[in-house]
Amino acid sequence: MNFQERKKKILTAVEESGSLSVFELSEKLAMSPATIRRDLHDIAEEGLLLRTHGGAMKIENPVLTSFAAKAGANEANKERIAQVAAEYVTDGDIIFLDCGSTVFKMCRYLKKRSGIKVITNSLPIMAELIDVPSISLNLIGGEIDKQRKAVHGHKAIEHIGSYHAHKAFIGIDGISAHNGLTAHSEHESSITSAFIRNASQIFVLCDSSKVGKDSHIKFGNLSQINTLFTDQDLDPGRKKGLIEKGLNVVIAE
């Protein structure tokens, strides 16, 4: 059983019970106490549970946990993409972070940076970074999309337009050599476009399942992007097509 599988079982057990000791988890899940301790440390670092003396307890923060604990088929790939993307953030950077789930995973690694300023429309990102002394936060104002747990609307776009960031880290619903950047929602595409207009460097984070796929709203060209971060499952032909268009493609392995 790999870490991602163990993590799902641990999170489910802790969610159901509220809190469990290492030995209770060990007995319940048929794992060694040493493995449980190591996994609890890593899961707590991701902000998905609280470490206690001798065990762990669930986080009583529905804004964060309902977003961060959702697990998909590409979760491991997204984690690696986020880790690699975070390496492109340097101390003192001013950065835009959008409300994508892969962008959210960067938070774990950004906590190691010093003096960065994060401007975001994501409530989970705010919840994850608000207690980090070395990071300055700016929450974009506007209407709250409860389902996406993010701020959208005209006021949000105006807010973004009043700032300039060194770098923007964004997620997309689709990217292809033929149609560039595409999205399912006008709300999200308008916010992403505002980030692109107001940052010096643009970084796109998406797993390989979205590469070569087109959604119905086209909102950006590949020429507007500096780098695409994706995973090792990317089809070689699609990678070649993006590179031929001048896009820098970084594979998170």
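Check the entry above for the structure.
Residues numbered from 1 in each chain as written. Predicted model: local features only at pLDDT ≥ 70, side-chain atom pairs only at ≥ 80, totals over all residues. Heavy atoms only, no water.

Visitor: Help me understand the pattern of salt bridges, please; the structure alone is not making it clear to me.
Guide: The full count for this structure, using the stated rule, is 7 salt bridges. Between Glu 15 and Lys 58 there is a salt bridge whose closest N-O contact spans 3.8 Å. Pair noted here: Glu 15 is in helix H1 (residues 3-17) and Lys 58 is in the loop between strand E3 (55-57) and helix H4 (62-68), with a separation of 43 residues, a long-range link. Of the residues examined, Glu 15 reaches a relative accessible area of 46% and is grouped as partly exposed. A network of salt bridges, in which partner residues are shared, links Glu 79, Lys 105 and Arg 108. (Salt bridge = Lys/Arg side-chain N within 4 Å of Asp/Glu carboxyl O. Helix = DSSP H or I, 4+ residues; strand = E, 2+ residues; numbered from the N terminus. Buried < 20%, exposed > 50% of the residue type's maximum accessible area, 1.4 Å probe, protein only.)

Visitor: Hey, could you run me through the nonpolar core in this one?
Guide: Within soluble globular proteins, side chains that are nonpolar generally end up buried alongside one another. Counting residues in each nonpolar core, the largest one holds 30 residues, and the members touching the most others are Phe 96, Ile 175, Phe 195, Leu 228, Leu 242 and Leu 247. Elements represented by at least two residues in this core include exactly helix H9 (154-161), strand E9 (165-171), strand E11 (180-183), helix H10 (186-197) and strand E12 (199-205). If you tally residues by element for this core, the top one is H10, at 4 residues. Those residues in contact with Leu 228, other than ones at most four positions away along the chain, are Ile 175, Val 204, Cys 206, Val 211, Leu 242, Leu 247, Asn 248, Val 249 and Val 250. (Core = buried A, V, L, I, M, F, W, Y, C linked by side-chain atoms within 4.5 Å. Contact = heavy atoms within 4.5 Å.)

Visitor: When you look at the sheet that holds strand E1 (residues 19-21) in this model, what are you seeing that I'm missing?
Guide: Note on sheets: strands pair through backbone hydrogen bonds, and any given pair is parallel or antiparallel. Pairing within the open sheet is antiparallel, and its 3 strands lie in the order E1-E3-E2. The sheet is open, and its two borders are formed by E1 and strand E2 (50-52), each paired with just one other strand. Adjacent strand axes in the sheet meet at a mean angle of 20° when their direction is disregarded. Pairing of E2 with E3, which is carried by 3 bridges, proceeds in the antiparallel orientation. Note that in E3 the partner of Leu 50 across the bridge is Met 57. Along the sheet face, helix H3 (residues 33-45) touches E2 and E3 and points at about 140° away from the line of E2. (Pairing = 2+ DSSP bridges. Axes fitted to C-alpha atoms, helices over the stretch in contact; angles between N-to-C directions.)

All quantities given are derived from atomic positions and should not be read as evidence of function.
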